[in-house]
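# Fold and geometry: a report
Spelled out from the first residue to the last, the chains are:
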Amino acid sequence: MRLGKAHSGKRQNIQYSLALGPEDRGETSVAGCPRAEPLAAKPAPESPAKTEQLMEEVCDRENLQRAWKRVQGNQGSAGVDGMTIDAAKDYLREHWPSIRSLLLDGTYQPQPVKRVEIPKPDGGIRKLGVPSVVDRLIQQAVLQVLQEQWDPTFSEHSYGFRPGRSAHQAVAQAQRYVAEGYNVVVDPTATFMFAVSAPANVSWPR
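What counts and how
- Residues numbered from 1 in each chain as written.
- Predicted model: local features only at pLDDT ≥ 70, side-chain atom pairs only at ≥ 80, totals over all residues.
- Heavy atoms only, no water.
- Helix = DSSP H or I, 4+ residues; strand = E, 2+ residues; numbered from the N terminus.
- Contact = heavy atoms within 4.5 Å.
- Axes fitted to C-alpha atoms, helices over the stretch in contact; angles between N-to-C directions.
- Parallel < 35°, antiparallel > 145°, perpendicular 65-115°, else oblique.
- Left-handed = near helix turned anticlockwise from the far one by under 90°.
- Nonpolar A, V, L, I, M, F, W, Y, C, P; charged D, E, K, R; others polar.
- Pairing = 2+ DSSP bridges.
- Core = buried A, V, L, I, M, F, W, Y, C linked by side-chain atoms within 4.5 Å.
- Buried < 20%, exposed > 50% of the residue type's maximum accessible area, 1.4 Å probe, protein only.
- Salt bridge = Lys/Arg side-chain N within 4 Å of Asp/Glu carboxyl O.
- pLDDT = per-residue confidence, 0-100.

### Some remarks on the environment of G124
Checked against the element boundaries, G124 lands in the loop between β1 (114–119) and β2 (125–130). Leave out the neighbours within four places in its chain, and G124 touches I118 and P119.

Below you can see the structure in the form of structure tokens.
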């Protein structure tokens, strides 16, 4: 959200020189409100046949090969089963047909997530969940299929955890806004949203 403008031409020129990337933001204008984005069409309810089709795409050989390369490239430690990436490769050769059948039947049960605690540089503990290697493969395969369908519907102003987008692009866009004269930033968080909408007698975790 952007509120207010600064009117110093000198400051605008300095900030504009910092902006990176193309000026075009790509959003489609709405009549009477050039910066607004059009409302996305509401998706139709998915049928069982559609769900089955999606799982077929998830289990597609090419999709799984791409997913495995990603998991293998990320490395990472073993999950609760103690199975490393190298061991999982041999395991999948033998057991993938049965795992695939469970996925297509909708009866696959992922393993529990291993809890890992990592010290933060400034003190405290960051709690992480480490799925098994097999489950990481399945998660990545599902992500690749769903991402192709849903990512085009996301806001042009969204940069986090999206293919082809980065924090550097978000900073460059912010610099362009400053160059245009906007000088107020509103940064709401999920905790803030819950705190605003929650009844007075409800205490949300922080």
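### A few points about the packing of helix α3 (residues 61–74) against helix α5 (residues 133–150)
Two elements in contact, α3 and α5, have axes separated by 9 Å at closest approach and are oriented at 120°. As summarised for this structure, α3 and α5 are arranged oblique, according to the angle between their axes. Where α3 crosses over α5, the two elements pack in a sense that is right-handed. Between α3 and α5, the residues in contact are N63, L64, R66, A67, W68, R70 and V71 and V133, R136, L137, Q140, A141, Q144, V145 and E148, respectively. When the residues that make up the contact of α3 with α5 are grouped by side-chain class, the tally is eight nonpolar, three polar and four charged.

### A few points about the pairing of β1
Inspection of the sheet shows β1 paired to β2 by six bridges, in the antiparallel sense. Bridge pairing in β2 places K114 opposite V130.

### Looking at the nonpolar core
W68, L92, W96, I99, L103 and V134 are the most contacted members of the largest nonpolar core, which has 22 residues in total. Of all elements in the fold, only α2 (48–58), α3, α4 (85–105) and α5 reach the threshold of two or more residues within this core. When sequence neighbours within four positions are dropped, the list of residues in contact with W96 reads C59, L64, Y91 and L103.

### Topic: the pattern of salt bridges
Summed over the entire model, instances satisfying the criterion amount to four salt bridges. Salt-bridge contacts for R100 lead to E56; the nearest nitrogen and oxygen are separated by 3.4 Å. With R100 in helix α4 and E56 in helix α2, this pair connects stretches of sequence that are 44 residues apart. Owing to a relative accessible area of 30%, R100 belongs among the partly exposed residues under this scheme.

### Observations regarding the confidence of the model for the protein chain
Overall, the prediction assigns the protein chain a mean pLDDT of 77, with 69% of residues at 70 or greater. Below a pLDDT of 50 lies the segment residues 1–36, which in the model reaches 62 contacts outside its immediate sequence neighbourhood of four places, other chains included.

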